[in-house]
Amino acid sequence: MKKAKGYVYILTNPSFREDWVKIGKSARPVDVRLKELDNTAVPLPFEIYATLQTTKFHDAEKLIHEQIMELNPDLVVRPNREFFKVKPERALGIFRRIAKIIDDAVIEEYPKSPKPEPKPKPEPKPKPKRPRFKFSMVGIKIGEYVTFIPTNIKVKVVADNLIGYKGKEYKLSQFVQNFLPKSQRNASGAYQGAKYFSYKGEILDDLRTKAEAEGTIYKPKPNPPRRPKHEPEDEKRTANRKPFRFSMVGIKPGELITFTPTNTKVKVATDELIEYDGETYRPTTFVKYFIPEDRRNASGAYQGPAYFTYNGKTLVELRAEAERSQNYPPDETAE
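Residues numbered from 1 in each chain as written. Predicted model: local features only at pLDDT ≥ 70, side-chain atom pairs only at ≥ 80, totals over all residues. Heavy atoms only, no water.

Draft legend 1. Looking closely at the sheet that holds strand E8 (residues 153-159). In space, the 6 strands of this open sheet follow the order E10-E9-E8-E7-E11-E12, with antiparallel pairing throughout. Strand pairing shows two members of the sheet lacking a second neighbour, strand E10 (168-170) and strand E12 (202-203), which therefore form its edges. Relative to strand E9 (residues 162-165), E8 runs antiparallel, the two being bridged by 3 bridges. Within the sheet, the bridge partner assigned to Ala159 lies in E9 and is Leu162. Lying over the sheet, helix H4 (residues 172-179) contacts strand E7 (145-148), E8, E9, E10 and strand E11 (197-199), oriented at roughly 110° with respect to E10. (Pairing = 2+ DSSP bridges. Helix = DSSP H or I, 4+ residues; strand = E, 2+ residues; numbered from the N terminus. Contact = heavy atoms within 4.5 Å. Axes fitted to C-alpha atoms, helices over the stretch in contact; angles between N-to-C directions.)

Put into C-alpha cells, the structure is as follows:
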C-alpha cells in the first residue's frame, strides 16, 4: 500500500520575535493546519515560511528537531509546543540538509507577506510667521520713552520701529547689538530686541504676548494701491534731485535757522548737520525727535527742510528758488 505524503512546516508569526519559529508536522495541507492554529492564544495568524513534503514526514520532523537540539539545547523555547529560537532562514537550511537524505522530499518556500506600509504622517502645518515688533502693537506712541534694561538707559521712540539715542536712530535689535554689555552677549550675536526693553515696568515682548492673547494686537493695514507712474520727464527730474544741503541755499556753518514747530533756534554745524544742545542731527532726524506730539504723523517720516526757516522762508522754499535760478552747484553725495 502506497504511503500518503505529509508535511513538515516552518511557521512564523508577526507577533513573535524574528528568531522564533514553529516547526511541526501535518498529514493535511498546511493551510488547513494554519486555520487550526489561528485562535485566541496568539494575537496574529501564523504565516507559512516553508514546507518539506514527504511520505516520511514523521521521521523528517524528528530529525529536524534533533538537529536543532544538537546545535544548542537553549534554542528550544517549548519542546512540547514545537517553538524554537532559530531564524527561519537557518531552519530552512536544516530542511534542505534533511531533504538530501530523503528520496521523495520536496521543499517549497512561500513568499513573505508584505508588511503594511505605515500611514504617512501628516505634514506639520507651518507656524505663521510672527510679524516684526512695532510699538503700535502695544500702544506705545512716537515721542514716548522706553528703557534699555541691561543698562537702564532711557531712549525715545522716534518711529513705529525705531528708537533714537544721541542723535542716531536704531532698530531695537540693532541697539542691543551696539550697547549690550560684553558680559551679557551671546555667541551668535543675534538678539530679540523686544526682550531687552521695558515700558512702564513691563518688558515689551511680554506686553506683546499679552496683547496677542487678548486679541488687541495691532494688525497692519493692507498696502495701499500703487500710485501711477510719473511721466518720463517727471521721473527724470525726481531721480536727479539731490538730497538737501545748506550750501544749496547759501547757508554756511555757524549760521542759525529756526525749527518752526517750537520756534527753536538751532545752529548749522556742517553742510548737512545741525547742532542743538551739544548734539548734531540731520534735519529730518531732528524733526522726529523734537516735533510736538500733536504734529506727528502716523508714518514717522518727515521732510526735514520743510520744518526749518531762514530769514522768514522755509528751507524748501529757498531751495525751490535756488533751483529755478540754478544758483547752487550740483551735489553728488547722499544724505
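That was the structure; now back to the text.
Draft legend 2. Structural context of the pairing of strand E14 (residues 264-268). Bridge analysis of strand E13 (residues 256-259) against E14 gives 4 bridges, and the strand direction is antiparallel. When the sheet's bridge partners are listed, Phe259 is paired in E14 with Thr264. What sits between E13 and E14 in their antiparallel hairpin is a turn of 4 residues, with Asn263 showing a positive phi close to 55°. One ladder, built from 2 bridges, connects E14 with strand E15 (residues 274-276); its direction is antiparallel. Looking at the pairing, Lys267 lines up with Glu275 of E15. Connecting the antiparallel pair E14 and E15 is a turn made up of 5 residues.

Draft legend 3. Fine view of the packing of aromatic side chains. This model, assessed by the stated rule, comprises 26 aromatic pairs. Residues Tyr276 and Phe290 carry aromatic rings whose centres are separated by 5.4 Å and whose planes lie at 75° to one another, so their mutual orientation is edge-to-face. With Tyr276 in strand E15 and Phe290 in helix H7 (residues 283-290), the pair connects residues that are 14 residues apart, well separated along the chain. The exposure class of Tyr276 is partly exposed, given its relative accessible area of 29%. (Phe/Tyr/Trp six-rings, centres within 6.5 Å; stacked < 30°, edge-to-face > 60°. Buried < 20%, exposed > 50% of the residue type's maximum accessible area, 1.4 Å probe, protein only.)

Draft legend 4. Region of interest: helix H8 (residues 315-325). Three or more residues of H8 are buried, namely Leu315, Leu318, Arg319 and Ala322. On an axial view of H8, the arc spanned by its buried residues comes to 100°, and they lie on one face. The inward-facing, buried residues of H8 abut E13, strand E17 (308-310) and strand E18 (313-314). Of the residues trailing H8, Gln326 is marked for its positive phi of about 55°. (Arc of directions from axis to C-beta.)

Draft legend 5. Just the side chain of Ser198, in detail. Locating Ser198 in the fold gives a position in strand E11. Assessed through its relative accessible area of 13%, Ser198 is described here as buried.

Draft legend 6. Quick look at the sheet that holds E13. What the 6 strands build is an open sheet, ordered E16-E15-E14-E13-E17-E18; its pairing is antiparallel. Two strands bound the open sheet, and with one partner strand each, they are strand E16 (279-281) and E18. Its contacts with the sheet put H7 on E13, E14, E15, E16 and E17, and the angle it makes with E16 is roughly 110°.

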